[in-house]
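Each chain, letter by letter, is given below.
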Amino acid sequence: MGIKKRKGEHIEAVLKKDVEYEKSAGFECVRLLHNALPEIDCSSVELKTTFLGKKATPLMITAITGGFERAVDINKQLAETAEKYGLPLGLGSMRPMLEGAEEKSYLVREHCPSIPLVGNIGIAQLASYPVERVEGLVSKAELDGMAVHLNPLQEVLQPEGDKNFSKALELVEELCEKLSVPVIAKETGAGINKEVALKLKEAGVSWIDVAGAGGTSWSRVEYERGGSPAGFEEWGIPTVTSILMCKGTLPLIGSGGVRSGIDAVKAIALGAEIAGASRPFLLAYDYEKLDEMAGEWVEQMKIAAFLTGCKNYGDLKKIKHAI
Ligand SMILES: Cc1cc2nc3c(=O)[nH]c(=O)nc-3n(C[C@H](O)[C@H](O)[C@H](O)COP(=O)(O)O)c2cc1C
């Protein structure tokens, strides 16, 4: 099947089918310590941090799409919303651009001049193309970082999946050595464990997006497209567990099943530097809803900060919490 058709099918499945895990990411088990006497003016709470050398709100729109006609408008809207609220933005897999199938959907920098913009590539592309070609994506799309997605669960269930991960670590290592921008290793919803995080650190990776289980289930997405064998619907490390496991290895993006600004603050309080989400932003795709959702999440983050006595981003890391 062509890459453009597959990308379209993924978007349709994620928009129209029930493709979320039944078991949660664990955020409902995390209680942030309420502060009845915050001694702060809520309107002065300021949560910006630095990510990939740029000032940003600690909430990333993690990789969603690119590479086919409809993605041009989706990525334009995501980019404009990201710019308005200062959110880092992750592009979807850039395999179509590498293969020369489509590139317009990835060239969004004009819509988001000031935010951290992150590219996306898979292990199979690292095996097929020299790093110079990946560097070409960085310069053409004006990227601040490159995410490498580690998605063995999805690939192994996908009829046309790339099931050979035997050289994965050395390919990541070569990328980190040669690429001009920081490399982020990310799962796609099944989580990263501590041993993997330490290997990625050793390989030269700069950031880890844990993309844990409890949100979008890529096994369910592939089952909707005829993937097999059944039984892996709930496979993966819940996001809260993955953050706690990987904390202290590399800077973390806490994502996978983050479904509000409050979950985002919980992810940071648990040990992530920034939080992230994908499917909620896609479900809100259409200008008014997207703007409303992003605005609401950022507001929720500020209120959660206020109610836990935090004036700024640095304070979020010190929030007392119980699990
Ligand atoms: C429609 C859609 C397409 C995605 N495509 C990619 C991709 O190309 N590369 C990637 O690294 N992750 C991809 N992801 C995975 C997300 O970046 C994220 O890790 C995962 O969906 C878990 O986050 P969520 O529960 O907030 O959706 C995609 C997610 C969605 C919803």
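You'll find the structure just up there.
Residues numbered from 1 in each chain as written. Predicted model: local features only at pLDDT ≥ 70, side-chain atom pairs only at ≥ 80, totals over all residues. Heavy atoms only, no water.

Relative to the helices and strands, Ser105 is located in the loop between helix H3 (95-98) and strand S6 (117-122). For Ser105, a relative accessible area of 0% translates into the label buried. A polar contact of 2.8 Å, which involves the side chain of Ser105, links it to the backbone nitrogen of Gly67. If we ignore the near neighbours within four places in the chain, the residues touching Ser105 are Gly66, Gly67, Phe68, Ala71, Val72 and Asn75. (Helix = DSSP H or I, 4+ residues; strand = E, 2+ residues; numbered from the N terminus. Buried < 20%, exposed > 50% of the residue type's maximum accessible area, 1.4 Å probe, protein only. Polar contact = N/O pair within 3.5 Å; in protein donor to acceptor, adjacent residues only side chain to side chain. Contact = heavy atoms within 4.5 Å.)

What follows covers empty space enclosed by the protein. Going through the model one piece at a time under the given rule, you end up with two cavities of 30 Å³ or more. Of the volumes computed, that of the largest cavity is approximately 60 Å³. Residue assignment for the lining of the largest cavity shows that the elements contributing at least two residues are S6 and strand S8 (183-186). Residues that form the lining of the largest cavity fall into these classes: seven nonpolar, four polar and two charged. Empty space within the second largest cavity amounts to approximately 40 Å³. Taken together, Tyr21, Asn151, Leu153, Gln154, Glu187, Thr188, Gly189, Ala190 and Trp218 make up the full set of residues lining the second largest cavity. Among the residues making up the lining of the second largest cavity, the classes are represented as four nonpolar, four polar and one charged. (1 Å grid on protein atoms, 1.4 Å probe; cavity = no way out; pocket = protein on both sides within 12 Å on 5 of 7 lines; lining within 4 Å. Points joined across faces, edges and corners; volume = space filled by probe spheres on them. Nonpolar A, V, L, I, M, F, W, Y, C, P; charged D, E, K, R; others polar.)

Moving on to the environment of Gly231. Counting through the fold element by element, Gly231 comes out in the loop between helix H9 (218-224) and helix H10 (239-246). Sequence-wise, Gly231 and Arg220 are eleven residues apart; in three dimensions their C-alpha atoms are separated by 9.8 Å.

What follows concerns the pattern of salt bridges. The final tally for this structure, using the stated rule, is 21 salt bridges. Across the pair Glu174 and Lys178 runs a salt bridge whose closest N-O atoms are separated by 2.7 Å. On the criterion of helical spacing, the pair formed by Glu174 and Lys178 is a turn pair, its members being four residues apart in helix H7 (residues 168-178). Residue Lys178 is classed as partly exposed on the basis of its relative accessible area, which comes to 44%. In this structure, the salt-bridge partner of Arg220 is Glu234, at a minimum N-O distance of 2.5 Å. Of this pair, Arg220 sits in helix H9 while Glu234 sits in the loop between H9 and H10, placing them 14 residues apart in sequence. A network of salt bridges, in which partner residues are shared, links Lys5, Arg6, Glu9, Glu160, Glu222 and Arg225. (Salt bridge = Lys/Arg side-chain N within 4 Å of Asp/Glu carboxyl O.)

What follows covers the packing of aromatic side chains. What the rule picks out here adds up to three aromatic pairs. Seen from their ring centres, Phe51 and Trp207 are 4.7 Å apart, and the 85° between their planes marks the pair as edge-to-face. With Phe51 in strand S2 (residues 49-51) and Trp207 in strand S9 (residues 207-209), this residue pair connects regions lying 156 residues apart in the sequence. Summarising the burial analysis for this pair, Phe51 and Trp207 share the class buried. (Phe/Tyr/Trp six-rings, centres within 6.5 Å; stacked < 30°, edge-to-face > 60°.)

To continue, consider the nonpolar core. Core analysis: the largest hydrophobic core is formed by 94 residues, its most contacted members being Met146 and Phe281. Counting residues in each nonpolar core, the second largest holds nine residues, with Leu52, Ile184, Trp207 and Ile274 among its members. (Core = buried A, V, L, I, M, F, W, Y, C linked by side-chain atoms within 4.5 Å.)

This next bit is on the layout of surface pockets. Of the volumes computed, that of the largest pocket is approximately 780 Å³. Forming the boundary of the largest pocket are 44 residues, of which Ala63, Ile64, Gln154, Thr188 and Trp218 lie nearest the centre. Where the lining of the largest pocket is concerned, the elements lending two or more residues are helix H1 (3-16), S6, helix H4 (123-128), helix H6 (152-157), strand S11 (274-277) and helix H12 (279-283). It is H1 that provides the largest number of residues to the lining of the largest pocket, a total of six residues. Across the lining of the largest pocket, the residue classes tally to twelve nonpolar, 23 polar and nine charged. Roughly 390 Å³ of internal volume is contained in the second largest pocket. Lining the second largest pocket are 16 residues, and of these Leu150, Pro152, Phe165, Glu187 and Val196 lie nearest its centre. At the level of elements, H6, H7 and helix H8 (194-202) are the ones that each hand at least two residues to the lining of the second largest pocket. Of the residues belonging to the lining of the second largest pocket, the class tally is twelve nonpolar, two polar and two charged.

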